[in-house]
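What the coordinates show
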Amino acid sequence: MTKTNSYITRLYCPKCGKTRAHAAVANLCGCGSPLLAQYDLARASREMDTRTFAGRAADLWRYKELLPVVEEADVVSLGEGFTPLLRLAGAGRSLGIDRLYLKDEGLVPSASFKARGAAVAVSKALELGVKTLILPTNGNAGAAAALYGARAGIRVKIVMPESAPFITRLECSVAGADLYLVKGLISDCGKIVARAIKNHERDSSPWYDFSTLKEPYRIEGKKTMGYEIAEQSGWESPDVILYPTGGGVGLIGVYKAFREMRELGFVDRIPRLVAVQAENCAPIVRAFQENKSESSFWENSSTVAFGINVPKALGDFLALEALYASKGCACAVTDQEIISAQRELAQKEGCFICPEGSALYAAAGKLRRDGRIRRDESVVLLNTGAGIKYPDTQEIAPVYLELDAEL
Ligand SMILES: *Cc1c(COP(=O)(O)O)cnc(C)c1O
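About the cut-offs
Residues numbered from 1 in each chain as written. Predicted model: local features only at pLDDT ≥ 70, side-chain atom pairs only at ≥ 80, totals over all residues. Heavy atoms only, no water. Helix = DSSP H or I, 4+ residues; strand = E, 2+ residues; numbered from the N terminus. Rg over C-alpha atoms; globule rule 2.2 N^0.38 Å. Buried < 20%, exposed > 50% of the residue type's maximum accessible area, 1.4 Å probe, protein only. Contact = heavy atoms within 4.5 Å. Disulfide = S-S within 2.5 Å. Pairing = 2+ DSSP bridges. Patch = residues over 30% accessible without salt bridge, like charges linked within 9 Å, V, L, I, M, F, W, Y side chains within 5 Å. Areas by Shrake-Rupley, 256 points an atom, 1.4 Å probe, with all protein chains shown as cover. Salt bridge = Lys/Arg side-chain N within 4 Å of Asp/Glu carboxyl O. Axes fitted to C-alpha atoms, helices over the stretch in contact; angles between N-to-C directions. Parallel < 35°, antiparallel > 145°, perpendicular 65-115°, else oblique. Left-handed = near helix turned anticlockwise from the far one by under 90°. Near = heavy atom within 4 Å. Polar contact = N/O pair within 3.5 Å; in protein donor to acceptor, adjacent residues only side chain to side chain. Nonpolar A, V, L, I, M, F, W, Y, C, P; charged D, E, K, R; others polar.

1. Some words on the overall build of the protein
Summing up its helical and strand segments, the protein has 12 helices and 13 strands in all. Computed over C-alpha atoms, the radius of gyration of the protein comes to 21 Å, within 12% of the 22 Å expected from 2.2 N^0.38 for 407 residues, which places it in the range of a compact globule. Expressed as lengths along the three principal axes of its C-alpha atoms, the size of the protein is roughly 65 × 45 × 45 Å. Within the protein, buried positions represent 57% of all 407 residues. In the protein, once contacts between residues fewer than 6 apart in sequence are set aside, the share between residues at least 24 apart is 70%.

2. Some thoughts on the state of the cysteines
Note on terminology: disulfide describes a covalent bond linking the sulfur atoms of two cysteines. Overall, the coordinates contain 0 disulfides when judged by the stated rule. Cys 189 supplies the cysteine sulfur nearest to Cys 172, a cysteine that is in no disulfide, at a spacing of 12 Å. Overall, Cys 172 belongs to the buried group, its relative accessible area being 0%. The thiol of Cys 281 is not disulfide-bonded; the next cysteine sulfur, from Cys 189, is found 14 Å away.

3. Things to note about the sheet that holds strand 2 (residues 19–20)
Taken together, 3 strands build an open sheet; the order of strands is 2-1-3 and the sheet is antiparallel. Unpaired on one side and paired on the other, strand 2 and strand 3 (36–39) mark the two borders of the sheet.

4. Focus: a nonpolar patch on the surface
The grouping of Phe 166, Leu 170 and Val 174 at the surface amounts to a nonpolar patch, some 330 Å² of accessible area in total. Overall, Leu 170 belongs to the partly exposed group, its relative accessible area being 42%.

5. What about unusual backbone geometry?
Even without being glycine, Leu 213 reaches a positive phi, approximately 70 degrees. Here Leu 213 lies in the loop between strand 9 (208–209) and helix 7 (218–232). A positive phi angle is found at Trp 235, which is not glycine, with a value near 55 degrees. Using a relative accessible area of 17% as the deciding quantity, one classes Trp 235 as buried.

6. Here we look at the packing of helix 3 (residues 114–127) against helix 7
In helix packing, the relevant descriptors are the interaxial angle and the interaxial distance, both defined with respect to the helix axes. At a minimum axis distance of 6 Å, the contact between helix 3 and helix 7 shows a crossing angle of 125 degrees. As the angle between them shows, helix 3 and helix 7 are arranged oblique. Two packed elements cross with a definite hand, and for helix 3 against helix 7 that hand is right-handed. From helix 3, Lys 114, Arg 116, Gly 117, Val 120 and Ala 121 reach across to helix 7, where they touch Arg 218, Glu 220, Gly 221, Lys 222, Thr 224, Met 225 and Glu 228.

7. A word on the environment of Thr 168
On the secondary structure map, Thr 168 appears in helix 5 (residues 166–174). Classification of Thr 168 as buried rests on a relative accessible area of 2%. Separated by 198 residues in sequence, Thr 168 and Lys 366 have C-alpha atoms that sit 31 Å apart. Not counting chain neighbours up to four residues away, the residues in contact with Thr 168 comprise Gly 139, Asn 140, Ala 143, Met 160 and Lys 389.

8. Things to note about the site of the ligand
With respect to spatial proximity, 18 residues lie near the ligand, and among them Lys 114, Tyr 243, Gly 248, Gly 250 and Thr 384 are the closest. One of the side-chain N or O atoms of Lys 114 is found 2.8 Å from an oxygen atom in the ligand. Take Gly 250: an N or O atom from its main chain is 2.8 Å from an oxygen atom of the ligand. Protein burial of the ligand: of its 390 Å² of free accessible surface, 96% is covered by the chains. Residue assignment for the shell around the ligand shows that the elements contributing at least two residues are strand 10 (240–244) and helix 8 (249–264). When grouped by side-chain class, the residues that make up the shell around the ligand number 7 nonpolar, 8 polar and 3 charged.

9. Things to note about the sheet that holds strand 8 (residues 178–182)
Pairing is parallel across the open sheet formed by 4 strands, whose spatial order is 8-7-6-9. One side of each edge strand has no neighbouring strand; the edge strands of this open sheet are strand 8 and strand 9. As judged from the 2 bridges shared by strand 6 (residues 132–136) and strand 9, these two strands associate in the parallel manner. Paired with Leu 133 across the bridge in strand 9 is Tyr 208. Helix-sheet contacts for helix 4 (residues 140–152) involve strand 6 and strand 7 (155–161), and the interaxial angle to strand 7 is about 165 degrees.

10. Overview of the pattern of salt bridges
Two side chains with opposite charge may pair up if their charged atoms get near one another. All told, the structure shown has 31 salt bridges when counted by the stated rule. In this structure, the salt-bridge partner of Lys 157 is Asp 178, at a minimum N-O distance of 3.0 Å. With Lys 157 in strand 7 and Asp 178 in strand 8, this pair connects stretches of sequence that are 21 residues apart. Among the residues examined, Lys 157 registers a relative accessible area of 10% and is labelled buried. A relative accessible area of 17% means that Asp 178 is categorised as buried. Among the salt bridges present, the one from Asp 370 reaches Arg 372, with a minimum N-O distance of 3.1 Å. For Arg 372, a relative accessible area of 38% puts it in the partly exposed group. A network of salt bridges, in which partner residues are shared, links Lys 103, Glu 105, Arg 116 and Glu 228.

Structure (structure tokens):
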């Protein structure tokens, strides 16, 4: 069988340092921390360089040596990745940022960056012989898991708040996943999933816990956004990357990518990472302002940006470490600012992006005004999904015409 030539060596715990084999199903470390994938970067840096990727297909598997899947035959792909890094000249001018860019994840299968996590994690699950996986989700992660699960022939079970966007529910259902709705938050869904895992731990093929960060490989898929930003910038790191932070997986992944790339000699510095949250759900922002290493549960959270309505993230300490270590920061914006930013970007740039991504544009304006971003810095807004997935965010006022109307 053809190998991917992955340099993966093992899983390790970023909290207590314990290691685990990557060739067996694994969830959290015994100490309760998420596990991360480790690669033999010293050997990789001797055997490959940035030219290795040139000429490969424009999807995230171009970085396969730095991904966890070992056999080519286990790769489950819908062509995800290598999304455009668009220059926002007009929007940049109005914010006073000369080099403003949008990495547009609205263009991947399922129209959110969750496809990256699902592609890599479902592929690895297939390699490990998983038959059934289950996860709680605010919508997009479930949709992506359902679609990639269908392609892989893995049964997918999804527990979702009833209030999550209808379109994601539709994607799960059409893809044949078992969909369960809950009158509650994603944290409530998580408790139901945890009980289900326990109930089925003695089954002949136990259900695999695919919850955010309880599963070590979604982060590997998401880290490829960092590799792409570097490659698309000619292997130069931008100064700042803003990221809409819910569970923090993308932020942790992008930070991991830049650390790996620095060790590999692909880039020479790590960009300042900025976590952006909604004012009514800002546990990471609050913890950052209080200089804490962990966040506390955010009561009664609500925002139009569903993907970042996460009151307490399992990987909060890793997300905060990424902010502190990269000399970045955290910033909250209101729902009203998000909705205005969404319109402004569509009207100035033709980019109809999701509310989570729109929050970044509002945040970049704030950080520019208070001096935390300078005019001459290169700034990337990491838009996580497409605006059309959330048809209820904006109100529109169409003009109706009579059949004999003249314009
Ligand atoms: C899941 C999601 C997020 C938050 O991602 P994390 O990596 O969990 O922080 C942001 N935007 C969208 C559209 C999402 O679906």
